[in-house]
Each structure stands twice: as structure tokens, then as C-alpha cells.
Amino acid sequence: MENDLLEAETLVSDFLPLNGTDHIEFWVGNAKQSAYYYQQAWGYKLVAYAGPETGVRDRASYVLQQNKVRLVLTTALSPEHEISQHVLLHGDGVKFLSIWVDDARKSFEETVKRGATAVQEPTEFSDADGKVVISAIKTYGDTVHRFVERKEYNGAFLPGYKAVTNAMEVRPVGLKHVDHCVGNVELGRMNEWVEFYERVMGFQLLVTFDDSDISTEYSALMSKVVSNGNGFIKFPINEPAEGKKKSQIEEYLDFYRGAGVQHIAIETDNIIETVSELRRRGIEFLYVPEVYYEEVPARVGTIEEDMEALKKLNILIDRDEDGYLLQIFTKPVEDRPTLFYEIIQRKGARSFGKGNFKALFESIEREQELRGNL
Ligand code: FE2
């Protein structure tokens, strides 16, 4: 009975039902070459394209897909373009964290009514494959949430994009779907953004990490995780905290020139295979010292995977009350120390690897030191 009431209340209060991540669009300096990297190294397949050849005069966009993970890489064709200005300031980075919804008009109205800054009024786009409705609101930094309603669309991506294939042979690495996307925000502004997601988007606070969880000798950060009603969208928000030396979040903010997406976590069903293959293709991951694996059995207990294989690949393990998880983090994937990826395999656990934070941040600090930024 109590559960029914709770459920009813949750249903009533979910004014912003979300189906999941629709796509993540990057604004980059050279989309053609970025697309090659994501196809060859990460095994994404090129599925759609928009650019001069399809009647789009000012930019080129490549749509890449692996299972439910869809990335769009867009570059401008002139220096005056908004995208070029964005790349000049931030380097390559995430512009749109786009969310799949059933009603893009209502998503816009409900969030703007609660204080969201409008970026795009609900707009209908159509072609021979049907129609979509798209709207958009601002979030931290220059990042934007697009709401994509596509229930009446059957095309490869969106109207204006042409379905394409190329001769490149791509081999998927087992990426399944986006697990969470993390934002770094300015010192003292984490709670403001958590409150934004609660008030404007109806998200709930899942977990808080503070100094005692994640400070190392040098660097520290604060983090809170917000999630939507059905849990399909999870956004951890980080801010720097005072430490002896520069926090990794501060390094990001300095080089990205403001708040932005720090990492995208993608789920796999077989992290050993995924990471082995990514390593063979030259993807660089953070390193944890051997001593990390000495204390793992005591901390996480029995797991199904071969510990030696995990150790060889530098995969991290953590346990919570629901199960365990396996995770690993890449080094930044551009020259500025900004965006990186996480590969995660969940074996019941619904948390984010708190037990790994210390080992992980010590590893990040070694890299920061090499860059002269610690
Ligand atoms: Fe993460």
C-alpha cells in the first residue's frame, strides 16, 4: 500500500518523462578526422551525414552509432561560425547532451516554466522519412540539452541528414549504451546546478561525495549525482575543492575555459573484451599501481571475472549493497586535458565506484604532474 502511494506520487510528479540519451553532439575542429578515430578506434559505424553534399552549407556532421550509443561530430566551414568560436574557446567538446522524449513541446514548456533558459523553441522538422520535434534549453557552461521527439520518424538520424555507409570496415567493441554523463562546474556552483536539475527537470539527488570520500594528498573534489524518475538519465556534477595543489576539476575548467562535460560513461557487457580490444587499437587508459589489486579481494569479495585479467588491463572493481561494478577511465581524448571516457560493466551495482576514487585520483594526479599542471 505504502509502495503504491509512493509510486503514484512519483508518477504524478514526473512532469518530464525521459526515454534515455538520444545522442551526444560534439563541436570539433575537424569532424572528418574525428569520425575516423571513432570508427577505427572505438568501432562506431557511420550511419548518417549532413554537409555541403546534402545541402547544408555552413557545417558538416557525421553521425556514428554502436548499439544505443549515438555520437554526432560537427565542424564549421568558416571561422566566423558559432561552432568555430566554440572550438576556439573550448577545444573539441560536448555541445549537446540530447535527450529522447515523447513530447518535445511539453518538455520545453515544463522546464522553461520552471526557470530553464530557452535555446530553441519547439520546432518541427520533416523529410520523406517523417517528422521530428526538437526543442532545447541551456545547462552548465555552453552546454545545451536538446529534447528530441522522434516517434513519427523512421530516417537514419534526423531530417536534413542522409543515411550513408562507407567502405571502412569497423569492428564494434561492445559499447551498449550511455550509463552517465558527468559535468564539471565552477568552484561553489555544484549545488546551484544540482538544484537546477531538481527544480527545472524534476531530477532527484542520488548520492553525494565529499572530501572524505575523494580527497587525496593533493587534490580534492565534491560531487553530487542527480537522476531522472526512471533512472535512465544520470548526471553527476563535480566542483573543485580546496587541496594542497590544483584539483583535476580546476585543471579541466582552466583548459576548457569554463564548465562542461568531463566524462561520458558507456556500459559494456564484457569489459575485459572491450578494454583488451580498445588497448590493441591504441586507446590510452589511466594506470593504477599493482598495490591497488592487493587490497581488492578484501574490499570487494568474490567476483566472477579473472582477477589476473583485470589486473593486466588495469580495470578497477568496486562493490555496493546491490552488487559490484568494473570500470576504467581513458586519458583525455584531446590535447587539452578535458573530456575523457569511462567504460563500465555493472554486475548489480548501481553506484559510481566510490571505493576507487582515491586510487583513481592519485593516478590522475600523476598525469597532471606530467603536464605541469599540479
Ligand atoms: Fe563516471
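Here the structure is a predicted model, which is why all the values come from computation and not from measurement.

Conventions adopted
Starting from 1, residues in each chain are numbered consecutively following that chain's sequence as written. The model is predicted, so local features are restricted to residues of pLDDT at least 70 and side-chain atom pairs to those at 80 or more, both for listing and for counting; the totals for chains, interfaces and linings are taken over all residues. Computation of side-chain values: all heavy atoms of the structure, hydrogens and water removed. Any pair of Phe, Tyr and Trp rings, taking the six-membered ring for Trp, is counted once the centres come within 6.5 Å. Such a pair is stacked with planes under 30 degrees apart, edge-to-face with planes over 60 apart, and tilted for the rest. Burial here depends on accessible area, computed with a 1.4 Å probe over protein chains only, as a share of the maximum for the residue type. Under 20% is buried, over 50% is exposed, and the range in between is partly exposed. Here a strand is any run of E in DSSP of at least two residues, a helix any run of H or I of at least four, and the numbering for each starts at the N terminus. Placement of a charge over a ring requires the Lys NZ or Arg CZ to be within 6 Å of the ring centre, with the centre-to-atom vector within 35 degrees of the ring normal. Note that water is not among the atoms used; donors are N, O and S atoms within 2.8 Å of the metal (3.2 Å for Na, K and Ca), so sites may look incomplete. As defined here, a cavity is a set of points on a 1 Å grid over the protein atoms alone where a 1.4 Å probe fits but cannot get out. A pocket is an open set with protein on both sides within 12 Å along at least five of seven lines, and residues line them when an atom is within 4 Å of a point. Grid points are joined across faces, edges and corners, and a volume is the space filled by probe spheres set on the points. Amino acids outside the nonpolar list (Ala, Val, Leu, Ile, Met, Phe, Trp, Tyr, Cys, Pro) and the charged list (Asp, Glu, Lys, Arg) are all regarded as polar, and Gly is one of them. Where each domain starts and ends comes from a domain assignment, either automatic or drawn from a database. A pair of strands counts as paired when DSSP detects no fewer than two bridges linking them. Among buried residues, those of type Ala, Val, Leu, Ile, Met, Phe, Trp, Tyr and Cys that are joined through side-chain atoms within 4.5 Å constitute a nonpolar core. In this description, contact between two residues means that some pair of their heavy atoms is separated by no more than 4.5 Å.

### Considerations on the packing of aromatic side chains
Between two aromatic rings, the relevant description is the distance of the centres plus the angle of the planes.
Here is step 1 of the chain: For the structure shown, the criterion picks out 17 aromatic pairs.
Here is step 2 of the chain: Here the aromatic rings of Y37 and Y38 are separated by 5.0 Å at their centres, their planes lie at 75°, and the arrangement is edge-to-face.
Here is step 3 of the chain: Its relative accessible area of 29% is what places Y37 among the partly exposed residues.
Here is step 4 of the chain: An angle of 90° between the planes, with centres 6.2 Å apart, marks the rings of Y140 and W193 as edge-to-face. Taken together, the positions of Y140 in the loop between β7 (130-138) and β8 (144-149) and W193 in helix α5 (residues 190-201) put the pair 53 residues apart, joining distant regions of the chain. W193 matches Y140 in its accessibility class, with the two residues each being buried.
Here is step 5 of the chain: The residue whose ring lies beneath R146 is F96, and the NZ or CZ to ring-centre distance is 3.5 Å.
Here is step 6 of the chain: The residue whose ring lies beneath R346 is F352, and the NZ or CZ to ring-centre distance is 5.5 Å.

### What about the coordination of the iron ion?
Here is step 1 of the chain: Within the protein, the iron ion binds to H180 (NE2), H263 (NE2) and E342 (OE); these donor distances fall in the range 2.0 to 2.2 Å.
Here is step 2 of the chain: Between consecutive donor residues of the iron ion, the sequence gaps follow H-x82-H-x78-E. Of this pair, H180 sits in strand β10 (residues 175-184) while E342 sits in strand β17 (residues 340-347); the two residues are 162 residues apart in sequence, bridging distant segments of the chain.

### Comments concerning unusual backbone geometry
Here is step 1 of the chain: Phi angles above zero are rare outside glycine, and R257 is one such case at about 60°.
Here is step 2 of the chain: Mapped onto the elements, R257 comes out in the loop between α7 (248-256) and β14 (260-268).
Here is step 3 of the chain: At N314, a position not held by glycine, the phi torsion is positive, near 70°.
Here is step 4 of the chain: In this fold, N314 is placed in the loop between α11 (307-313) and β15 (316-320).

### Quick notes on the layout of surface pockets
Here is step 1 of the chain: Taken as a whole, the largest pocket spans an internal volume of roughly 840 Å³.
Here is step 2 of the chain: Around the largest pocket, the lining comprises 31 residues; the ones closest to its centre are H177, V178, G231, F232 and K234.
Here is step 3 of the chain: Partitioning the lining of the largest pocket into residue classes produces six nonpolar, 13 polar and 12 charged.
Here is step 4 of the chain: Both domains that furnish three or more residues to the lining of the largest pocket are identified here as domain 1 (15-158) and domain 2 (175-371).

### Re the pairing of strand β2 (residues 45-50)
Here is step 1 of the chain: Among the six residues of β2, five are classified as buried, and the element is accordingly described as predominantly covered.
Here is step 2 of the chain: Where β2 meets strand β9 (residues 162-163), two bridges bridge the pair, whose relative direction is antiparallel. Among the inter-strand pairings, A48 is bridged to a residue of β9, identified as A163.

### Focus: the nonpolar core
Here is step 1 of the chain: In this structure, F26, W42, M201 and I264 are the most contacted members of the largest nonpolar core, which totals 91 residues.
Here is step 2 of the chain: Per-element tally for this core: the top contributor is α5, with seven residues.
Here is step 3 of the chain: Those residues in contact with F26, other than ones at most four positions away along the chain, are Y38, L71, V72, L73, T74, G93, V94, K95, I264, L339 and Y341.
Here is step 4 of the chain: A48, V63, V148 and F157 belong to the second largest nonpolar core, which has 13 residues in total.

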